[in-house]
Amino acid sequence: MNNETYAFLSQPGVGFFSLIIIGLIAGWVAERVTASNHGLLTNLLVGVAGAFIGDKLASVLNVPVFGFFRTLIAAIVGAILLLWIWRAIRSR
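Report on the accompanying structure.

Rules of the game
- Residues numbered from 1 in each chain as written.
- Predicted model: local features only at pLDDT ≥ 70, side-chain atom pairs only at ≥ 80, totals over all residues.
- Heavy atoms only, no water.
- Helix = DSSP H or I, 4+ residues; strand = E, 2+ residues; numbered from the N terminus.
- Buried < 20%, exposed > 50% of the residue type's maximum accessible area, 1.4 Å probe, protein only.
- Contact = heavy atoms within 4.5 Å.
- Areas by Shrake-Rupley, 256 points an atom, 1.4 Å probe, with all protein chains shown as cover.
- Axes fitted to C-alpha atoms, helices over the stretch in contact; angles between N-to-C directions.
- Parallel < 35°, antiparallel > 145°, perpendicular 65-115°, else oblique.
- Nonpolar A, V, L, I, M, F, W, Y, C, P; charged D, E, K, R; others polar.

**So, the overall build of the protein chain**
When you go through the protein chain residue by residue, the secondary structure sums to 3 helices and 0 strands. When the 92 residues of the protein chain are sorted by exposure, 35% land in the buried category. Intrachain contacts of the protein chain at a sequence separation of at least 6 include 64% that bridge at least 24 residues. Surface exposure of the protein chain reaches about 6,100 Å², of which carbon and sulfur atoms provide 69%.

As structure tokens, then:
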């Protein structure tokens, strides 16, 4: 059996607490890039959802995402996309 740690996003080396840290950082960066104003919990939720979106987008593009830093980059991209889509829907 494989000894690597697999967690929420089936990412090797990213456990629950790492995902929370990644979510907070990604949500905060996405908040700054999109000039939004959110709280800490919203940043966490946007960052974790962005990690999921970024992972799926990377798998479609055949880009390997594993470990802390690659997951962080994918989460930031996913969170920015999520906030951009959310703003486009709400502005209608």
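After that view, the rundown keeps rolling.
**Some points on the environment of Ile25**
Within the secondary structure layout, Ile25 lies in helix α1 (residues 16-33). When its relative accessible area of 34% is taken as the criterion, Ile25 is described as partly exposed.

**A word on the packing of helix α2 (residues 40-60) against helix α3 (residues 67-90)**
Two elements in contact, α2 and α3, have axes whose closest approach is 6 Å; the angle formed by their N-to-C orientations is 105°. Between α2 and α3, the angle is such that the two are roughly perpendicular. Taking contact as the criterion, the partners of Val46, Gly47, Ala49, Gly50, Ala51, Ile53, Gly54, Asp55 and Leu57 in α2 are, on α3, Ala74, Ala75, Val77, Gly78, Ala79, Leu81, Leu82 and Leu83. Tallied by class, residues from the contact of α2 with α3 come to 12 nonpolar, 4 polar and 1 charged.

So, to be careful, I would describe these as geometric facts and stop short of saying anything about function.
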